[in-house]
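Here is what each chain is made of, one letter per residue.
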Amino acid sequence: FTTDEQLAGTVRDFFAAGTETTSLTLRWALLYLMHHPEIKTKLQKEIDSVLGKEQPAMEHKERMPMVEAFLLEVQRMANILPLNLPHTTKEDFWYQGYLFPKDSIMFFMIDSVLSDPEIFPESLKFNPERFLDEDGKFAGEQKEKMIPFSTGKS
């Protein structure tokens, strides 16, 4: 069972983690915008055409695929969480000649996936459009391969 103190600690951890990841993502986004004014122009055009004078709301999200793709590419390139949280193996398994016994603690290098040129061609190039399909919708196959904060259960 959980005490109030444990609950308060968990809430503090979530708040700190969310604050840190959000602020780092925003800093990197500003840097990429400064270095890629052509992308800034595309983003501004999309935002102006969808929002006009309105305040942004969740219902606008699907109508702004370039904005969503830009944020995902920032997370991919900035890679603010390069090392995954620990996971444990559920059973013994062999991988490339090595035995990993049940309950082994494993860490995965997320940046090895996010910078893999076989998964993300031209992986060192900042290219938000990799997450758009041929119709400009936020549905490119790269979207499914994106794991900025890991995947699976810890």
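Provided above is the structure to which this section pertains.
Residues numbered from 1 in each chain as written. Predicted model: local features only at pLDDT ≥ 70, side-chain atom pairs only at ≥ 80, totals over all residues. Heavy atoms only, no water.

### Structural notes on a nonpolar patch on the surface
A cluster of nonpolar side chains, Leu83, Ile105, Phe107 and Met109, forms an exposed patch at the surface whose accessible area comes to about 410 Å². As for its position among the elements, Ile105 is in strand β4 (residues 105-106). Relative accessible area serves as the criterion here: at 61%, Ile105 is assigned to the exposed category. (Patch = residues over 30% accessible without salt bridge, like charges linked within 9 Å, V, L, I, M, F, W, Y side chains within 5 Å. Areas by Shrake-Rupley, 256 points an atom, 1.4 Å probe, with all protein chains shown as cover. Salt bridge = Lys/Arg side-chain N within 4 Å of Asp/Glu carboxyl O. Helix = DSSP H or I, 4+ residues; strand = E, 2+ residues; numbered from the N terminus. Buried < 20%, exposed > 50% of the residue type's maximum accessible area, 1.4 Å probe, protein only.)

### A word on the nonpolar core
By size, the foremost hydrophobic cluster in this structure holds 22 residues, and its most contacted members are Phe70 and Phe131. For this core, the secondary structure elements donating two or more residues are α1 (4-35), α2 (37-51), α3 (65-78) and α4 (110-114). For this core, the leading source of residues is α3, giving 6 residues. (Core = buried A, V, L, I, M, F, W, Y, C linked by side-chain atoms within 4.5 Å.)

### So, the packing of aromatic side chains
One pass over the structure, following the stated rule, counts 5 aromatic pairs. Ring centres of Tyr32 and Phe126 lie 4.2 Å apart, and the angle between their planes is 10°; this geometry places the pair in the stacked category. Taken together, the residues Tyr32 in helix α1 and Phe126 in the loop between α4 and α5 (141-144) connect sequence positions 94 residues apart. Judged by its relative accessible area of 6%, Phe126 is buried. An aromatic cluster of at least three residues, connected via ring pairs, comprises Trp28, Tyr32, Phe70 and Phe126. The residue whose ring lies beneath Arg76 is Phe120, and the NZ or CZ to ring-centre distance is 5.2 Å. (Phe/Tyr/Trp six-rings, centres within 6.5 Å; stacked < 30°, edge-to-face > 60°. Lys NZ or Arg CZ within 6 Å of the ring centre and 35° of its normal.)

### Some points on unusual backbone geometry
Phi is positive for Gln96, close to 50°, though the residue is something other than glycine. Relative to the helices and strands, Gln96 resides in the loop between β2 (93-95) and β3 (98-100). With a relative accessible area of 66%, Gln96 lands in the exposed category. Positioned with a positive phi, Glu122 is a non-glycine residue whose angle comes to about 50°. The residue Glu122 is located in the loop between α4 and α5 in this model.

### Section: the layout of surface pockets
The calculated volume of the largest pocket comes to roughly 250 Å³. Contributing to the lining of the largest pocket are 14 residues, with Leu33, Leu43, Ile47, Phe70 and Leu71 lying nearest its centre. Listing elements by their share of the lining of the largest pocket, those giving two or more residues are α1, α2 and α3. Classifying every residue of the lining of the largest pocket gives 12 nonpolar, 1 polar and 1 charged. (1 Å grid on protein atoms, 1.4 Å probe; cavity = no way out; pocket = protein on both sides within 12 Å on 5 of 7 lines; lining within 4 Å. Points joined across faces, edges and corners; volume = space filled by probe spheres on them. Nonpolar A, V, L, I, M, F, W, Y, C, P; charged D, E, K, R; others polar.)

### Considering α3
Here α3 contains 14 residues, and its C-alpha end-to-end distance of 20 Å stays within 8% of the 20 Å for a straight helix at 1.5 Å per residue. Pro65, Met66, Val67, Ala69, Phe70, Leu72, Glu73, Val74, Gln75, Arg76 and Ala78 are the residues of α3 that are buried. Immediately downstream of α3, the backbone of Asn79 shows phi near 45°, a positive value. (Expected span 1.5 Å × (residues − 1).)

### Let's talk about the pattern of salt bridges
Within this structure, the stated rule accounts for 4 salt bridges. We note a salt bridge from Glu129 to Lys42, for which the minimum N-O separation is 2.5 Å. With Glu129 in the loop between α4 and α5 and Lys42 in helix α2, this pair connects stretches of sequence that are 87 residues apart. Note that Lys61 and Glu68 form a salt bridge whose closest N and O atoms lie 3.6 Å from each other.

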